[in-house]
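# What the coordinates show
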Amino acid sequence: AEQVEVLVHNLLALAYVSGPEEILVSCLQRWGAKTFLVRACADTVAELVRRNAPMNEELLRGRVHAELTKVAQVHKEDVQIQSCLELAVGFISQPKRLNHQLQNQVPPCFVQSC
């Protein structure tokens, strides 16, 4: 769990510098669908959306969505990973509902470890 949390913080920092699409997609493509990496990427997406980060439009372009959907197939049997992935993919799939739902709310993944 600590490994994932540290990775999330690093991915957040890199996302603010280089953009989340480039960081998350290249990370998953380079290192594959390792459980801790997939979870960290999903948590990073949820955290960026929760923070209403200025680069949220970049998350809606589709590359991050496609990559998270692809790695979800590898972890079909892992309910915890699926839960985090569903949250992240749901956030970047429904931009209109997103801002309304997230007013002062913390995504479930961050209330309790996935």
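Look a little higher up for the structure.
Everything in this summary refers to the structure shown in the same document. Just so you know, these numbers come straight off a predicted model, no measurement behind them.

## A word on the packing of aromatic side chains
- A full pass over the atoms with the stated rule returns zero aromatic pairs.
- Taking the ring centre of Trp31 as reference, the NZ or CZ of Arg30 above it sits at 5.4 Å.

## A short note on helix α6 (residues 79-93)
- In a regular helix each residue adds 1.5 Å, so 15 residues correspond to 21 Å; α6 covers 20 Å between its end C-alpha atoms and thus fits that length.
- All buried positions along α6 are accounted for by Ile81, Gln82, Cys84, Leu85, Leu87, Ala88, Val89, Phe91 and Ile92.
- Two to three positions downstream of the cap, the backbone nitrogen of Gln80 sits 3.2 Å from a side-chain oxygen, assigning the N-cap of α6 to Asp78.

## Some details on the nonpolar core
- Counting 35 residues, the largest nonpolar core has Leu11, Cys41, Val45, Leu59, Val64, Leu68 and Leu85 as the members making the most contacts within it.
- Only α1 (2-18), α2 (20-31), α3 (35-50), α5 (63-74) and α6 provide two or more residues apiece to this core.
- In terms of residues, this core owes the most to one element, α3, which gives nine residues.

## So, the pattern of salt bridges
- Using the criterion set out here, one finds four salt bridges in the structure.
- The partner of Glu21 in a salt bridge is Arg61, with the nearest N and O atoms 3.0 Å apart. Here Glu21 is found in helix α2, whereas its partner Arg61 is found in the loop between α4 (56-59) and α5, with 40 residues between them in sequence.
- Counted as one network, the salt bridges with shared partners bring together Glu47, Arg50 and Arg51.

## Some remarks on the environment of Ala40
- Position of Ala40 among the secondary structure elements: in helix α3.
- Each C-alpha atom, one on Ala40 and one on Leu11, is 8.0 Å from the other, the two residues being 29 residues apart in sequence.
- Non-local contacts of Ala40, meaning those with residues more than four positions away in its chain, are made with Val4, Leu7, Val8 and Leu11.

## Here's the deal with the environment of Ala42
- Relative to the elements of secondary structure, Ala42 occurs in helix α3.
- Along the primary structure Ala42 and Cys84 are separated by 42 residues, whereas in three dimensions their C-alpha atoms are 5.9 Å apart.
- Among all residues touching Ala42, those that are not within four sequence positions of it are Leu68, Cys84, Leu85 and Ala88.

How each quantity is defined
Residues numbered from 1 in each chain as written. Predicted model: local features only at pLDDT ≥ 70, side-chain atom pairs only at ≥ 80, totals over all residues. Heavy atoms only, no water. Phe/Tyr/Trp six-rings, centres within 6.5 Å; stacked < 30°, edge-to-face > 60°. Lys NZ or Arg CZ within 6 Å of the ring centre and 35° of its normal. Helix = DSSP H or I, 4+ residues; strand = E, 2+ residues; numbered from the N terminus. Expected span 1.5 Å × (residues − 1). Buried < 20%, exposed > 50% of the residue type's maximum accessible area, 1.4 Å probe, protein only. Polar contact = N/O pair within 3.5 Å; in protein donor to acceptor, adjacent residues only side chain to side chain. Core = buried A, V, L, I, M, F, W, Y, C linked by side-chain atoms within 4.5 Å. Salt bridge = Lys/Arg side-chain N within 4 Å of Asp/Glu carboxyl O. Contact = heavy atoms within 4.5 Å.

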